[in-house]
Amino acid sequence: MQKLNDLSRSPIPLDPDGTLIAVIELSLSSWLVAGIVPGVERQPLKKLAVDESALLKLLHRWREEAAKAGHWIKRIAVAFEAGRDGFWLARWLNAHDIEAHVIHASSVAVTREHRRAKTDRLDTELLKRSFLGWLRGERDHCKMVAIPTTKDEDAKRPNREHESLVGEQSRIVNRMKAALIRLGIRGFNPKLKKAAERLGALRTPEGEPIPPNTLAELRRDIVRRRLVSDQIRQIEDARLERLKQAPSDGPHAMVRLLARVIGVGVETADMLVQEVLSRSMRDRRAVARYAGLTGSPDESGRKRREKGLARSGNARVRRGMIQLAWRFLMFQKDSTLAQWFRARTESARGTRKTMIVALARKLLIALWRLVQEGVAPDGVVLRPA
């Protein structure tokens, strides 16, 4: 019996005589479709424009060719790599009774030749071999990505937009400070409400006012920063309003529970829930692996070394958890996890940065158990409900 969310092999037995298999190499301008049609000796290869209707017609035509060869097609399985197109095509194919799968790109083994040939045709051949092994139920050919719904994808947008806007705001402020420092002006805070009014009174060390072009640029940057700041505030207010309107909703209840942990804010709680904690994870190892907080050992013969974090998971979760781990040490000093960290770093120099990753992994698993099982980590202080 397969475990929860085990996408390493197909749960449905493969009937080679009744299954039409197709893989798609996606690009911005065209799609290259390769198929395995029962009863047809040749393995067809067709280049299409970016058109889902044309793809559906092609699959139906191949099914008719198989029927003419005496093979009744009961199952059409299509796969393509996860990429820029996202998951809309998989959802569209599933809605039209086509079994669609999205392959995790890094799970497909490729040759390690220094200058290997790489074309769309060769990529489709590689995908066919990997997908065929996955359909047969064999392990380690490739892994599939869970296809989210449109609602699930849309729920991630506020947090990701917030992260992007915060970065944009920091870039604007840093650019303004750099422009002033080039003129020898220090100590000016561009984030003040009256920053635009105070620009005209600033003087360089020579006693000269800010040059006109630089002054105009700074005023435009102040307007841009205020716009970005207003948009950030709108996202935060909308999030709080959603939590207030539906407090018992599944993801919202998780956010409210995580926000009770002292040291975890609503922004961090919402990011963790939408990115990882609301997903159906198999076990704690899957949770740590999805966040990219697992190691990458390099062992061969007598050689034993650790190459650092795998970094194959969700980068947002990884960054957020490492930041949260440092904050956790400040706000939850008496917790078991904080004591574990201090016991391993007090007498060992240069290990804090390494051990903070281990703490982030343990903390993420503890928070996952908190929202899934309601078990609070030992010694962690919670805010009143």
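Attention here is on the structure that accompanies the text. (Residues numbered from 1 in each chain as written. Predicted model: local features only at pLDDT ≥ 70, side-chain atom pairs only at ≥ 80, totals over all residues. Heavy atoms only, no water.)

Notes on the pattern of salt bridges
Part 1 of the argument: For the structure on display, the rule yields 19 salt bridges.
Part 2 of the argument: For the salt bridge of Asp230 with Arg233, the shortest nitrogen-to-oxygen distance reads 3.0 Å. With Asp230 and Arg233 both in helix 6 (residues 212-245), this residue pair falls three residues apart, about one helical turn. (Salt bridge = Lys/Arg side-chain N within 4 Å of Asp/Glu carboxyl O. Helix = DSSP H or I, 4+ residues; strand = E, 2+ residues; numbered from the N terminus.)

Points about the side chain of Gln332
Part 1 of the argument: Its place among the elements puts Gln332 in the loop between helix 10 (315-331) and helix 11 (336-345).
Part 2 of the argument: Separated by 2.9 Å, the side chain of Gln332 and the backbone nitrogen of Val381 make a polar contact.
Part 3 of the argument: With near-sequence residues (within four places) excluded, Gln332 lies in contact with Val261, Ile262, Ala338, Gly379, Val380 and Val381. (Polar contact = N/O pair within 3.5 Å; in protein donor to acceptor, adjacent residues only side chain to side chain. Contact = heavy atoms within 4.5 Å.)

Side note on the side chain of Arg239
Part 1 of the argument: Its place among the elements puts Arg239 in helix 6.
Part 2 of the argument: Residue Arg239 is classed as buried on the basis of its relative accessible area, which comes to 5%.
Part 3 of the argument: Polar contacts involving the side chain of Arg239 include one to the side chain of Glu267, which spans 2.6 Å.
Part 4 of the argument: When sequence neighbours within four positions are dropped, the list of residues in contact with Arg239 reads Asn159, Val266, Glu267 and Asp270. (Buried < 20%, exposed > 50% of the residue type's maximum accessible area, 1.4 Å probe, protein only.)

Points about the packing of helix 4 (residues 150-182) against helix 6
Part 1 of the argument: Where helix 4 meets helix 6, the closest approach of the two axes is 9 Å, and the angle between their N-to-C directions is 155°. Here helix 4 lies roughly antiparallel to helix 6, going by the angle between them. Relative to helix 6, the crossing made by helix 4 is left-handed. (Axes fitted to C-alpha atoms, helices over the stretch in contact; angles between N-to-C directions. Parallel < 35°, antiparallel > 145°, perpendicular 65-115°, else oblique. Left-handed = near helix turned anticlockwise from the far one by under 90°.)

Remarks on helix 6
Part 1 of the argument: Between its first and last C-alpha atoms helix 6 spans 50 Å; for 34 residues at 1.5 Å apiece the expected length is 50 Å, and the two agree.
Part 2 of the argument: In this structure, the buried side of helix 6 is in contact with helix 4, helix 5 (195-199), helix 7 (250-259) and helix 8 (266-277). (Expected span 1.5 Å × (residues − 1).)

What to know about the nonpolar core
Part 1 of the argument: Ranked by internal contacts, the top residues of the largest apolar core, which has 41 residues, are Leu258, Leu272, Met321 and Leu364.
Part 2 of the argument: Tallying contributions element by element places helix 12 (residues 352-373) first for this core, with 13 residues.
Part 3 of the argument: Beyond its immediate stretch of four places on either side in the chain, Leu272 contacts Leu258, Leu277, Val317, Met321, Leu324, Leu364 and Leu367.
Part 4 of the argument: One finds Val37, Leu55, Leu93 and Ala100 within the second-largest nonpolar core, a separate group that totals 24 residues. (Core = buried A, V, L, I, M, F, W, Y, C linked by side-chain atoms within 4.5 Å.)

Describing helix 10
Part 1 of the argument: Along its 17 residues, helix 10 runs 24 Å from first to last C-alpha, staying within 8% of the 24 Å computed at 1.5 Å per residue.
Part 2 of the argument: Where helix 10 is buried, its residues touch helix 8, strand 8 (303-309), helix 11 and helix 12.
Part 3 of the argument: At the N-terminal boundary of helix 10, the capping side chain belongs to Asn314, with an oxygen 3.0 Å from the backbone nitrogen of Arg316.

With respect to a positive patch on the surface
Part 1 of the argument: Together, Lys143, Arg284, Arg285, Arg289, Arg344, Lys362 and Arg369 make up a positively charged patch on the protein surface.
Part 2 of the argument: Sorting the residues of the positive patch by element identifies helix 9 (284-290) and helix 12 as the ones contributing at least two each.
Part 3 of the argument: The biggest single contributor to the positive patch is helix 9, with three residues.
Part 4 of the argument: Position of Arg284 among the secondary structure elements: in helix 9. (Patch = residues over 30% accessible without salt bridge, like charges linked within 9 Å, V, L, I, M, F, W, Y side chains within 5 Å. Areas by Shrake-Rupley, 256 points an atom, 1.4 Å probe, with all protein chains shown as cover. Lys, Arg positive; Asp, Glu negative; His and termini not counted. Charge placed at Lys NZ, Arg CZ, Asp CG, Glu CD.)

Section: unusual backbone geometry
Part 1 of the argument: Of note, the phi angle at Asp97 is positive, near 65°, even though the residue is not glycine.
Part 2 of the argument: Looking at where Asp97 falls in the secondary structure, it is placed in the loop between helix 2 (88-95) and strand 5 (99-103).
Part 3 of the argument: For Asp140, which is not glycine, the phi torsion reads 65° and is therefore positive.
Part 4 of the argument: Topologically, Asp140 is positioned in the loop between helix 3 (120-135) and strand 6 (144-145).

As for the packing of helix 7 against helix 8
Part 1 of the argument: It is the contact of helix 7 with helix 8, at a shortest axis distance of 8 Å, that shows an interaxial angle of 135°. As summarised for this structure, helix 7 and helix 8 are arranged oblique, according to the angle between their axes. Relative to helix 8, helix 7 is oriented so that their crossing is right-handed. Across from Pro251, Met254, Val255, Leu258 and Ala259 in helix 7, the residues of helix 8 making contact are Val266, Ala269, Asp270, Leu272, Val273, Gln274 and Leu277.
Part 2 of the argument: Within the contact of helix 7 with helix 8, the residues separate by chemical class into 10 nonpolar, one polar and one charged. (Nonpolar A, V, L, I, M, F, W, Y, C, P; charged D, E, K, R; others polar.)

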